[in-house]
Amino acid sequence: MGMSDYDIHIKGQDFRIAELISETAFEQLAARKAQIEIAELCVEVARLNSHIQTLETTLAAMSGELHALRIDTQ
């Protein structure tokens, strides 16, 4: 026995709902991947900032030592 127009319409709607669920799942996966990439970049930026601070501290110390040497030689 064949399907009624109503049954065919319902099947079509079920298929469209399944497509939308699949699309949403892929979009959520892409969003999660983007969040992970952003978090990784934030960690890298923090690491670089720490390195810059270390270099600034070292440079300030060396500048102080150079100033002291200049005073000693005058």
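Scroll up to find the structure.
What comes next is a walk through the structure. Being a predicted model, the structure only gives us computed values, none of them experimental.

**Here's the deal with the overall build of the protein chain**
Right, on to step 1. Looking only at helices and strands, one finds 1 helix and 0 strands in the protein chain.
Right, on to step 2. For 74 residues, the compact-globule formula gives about 11 Å, and the C-alpha radius of gyration of the protein chain, at 32 Å, lies well above that figure.
Right, on to step 3. The principal-axis extents of the C-alpha atoms in the protein chain amount to approximately 110 × 10 × 5 Å.
Right, on to step 4. Of all 74 residues assigned to the protein chain, the portion counted as buried reaches 0%.

**Topic: the pattern of salt bridges**
Right, on to step 1. Under the definition given, this model contains 3 salt bridges.
Right, on to step 2. A salt bridge links E23 to R16; the nearest nitrogen and oxygen atoms lie 3.8 Å apart.
Right, on to step 3. Residue R16 is classed as partly exposed on the basis of its relative accessible area, which comes to 37%.
Right, on to step 4. With a closest N to O distance of 2.8 Å, E44 and R47 form a salt bridge. Residue E44 and its partner R47 are located together in helix α1 (residues 5-73), separated by 3 residues, close to a single helical turn.

**Let's talk about the environment of I10**
Right, on to step 1. Checked against the element boundaries, I10 lands in helix α1.
Right, on to step 2. The class for I10 is partly exposed, based on a relative accessible area of 30%.
Right, on to step 3. In this structure the C-alpha to C-alpha distance between I10 and T73, which are 63 residues apart in sequence, comes to 93 Å.

So, how was this worked out
- Residue indices begin from 1 for each chain and proceed along its sequence in written order.
- Confidence filtering applies because this is a predicted model: local features only for residues at pLDDT of at least 70, side-chain atom pairs given and counted only at 80 or more, and all residues used for totals across whole chains, interfaces and linings.
- By convention in this description, side-chain values take in all heavy atoms of the structure and omit both hydrogens and water.
- For helices the rule is a DSSP run of H or I covering at least 4 residues; for strands it is a run of E covering at least 2, with both sets numbered from the N terminus onward.
- It is over C-alpha atoms that the radius of gyration is taken, and the globule rule equals 2.2 Å times the number of residues to the power 0.38.
- In this scheme, a residue with accessible area under 20% of its type's maximum is buried, one over 50% is exposed, and one in between is partly exposed, where area comes from a 1.4 Å probe on protein chains only.
- Any Lys or Arg side-chain nitrogen found within 4 Å of a carboxyl oxygen on Asp or Glu counts as a salt bridge.

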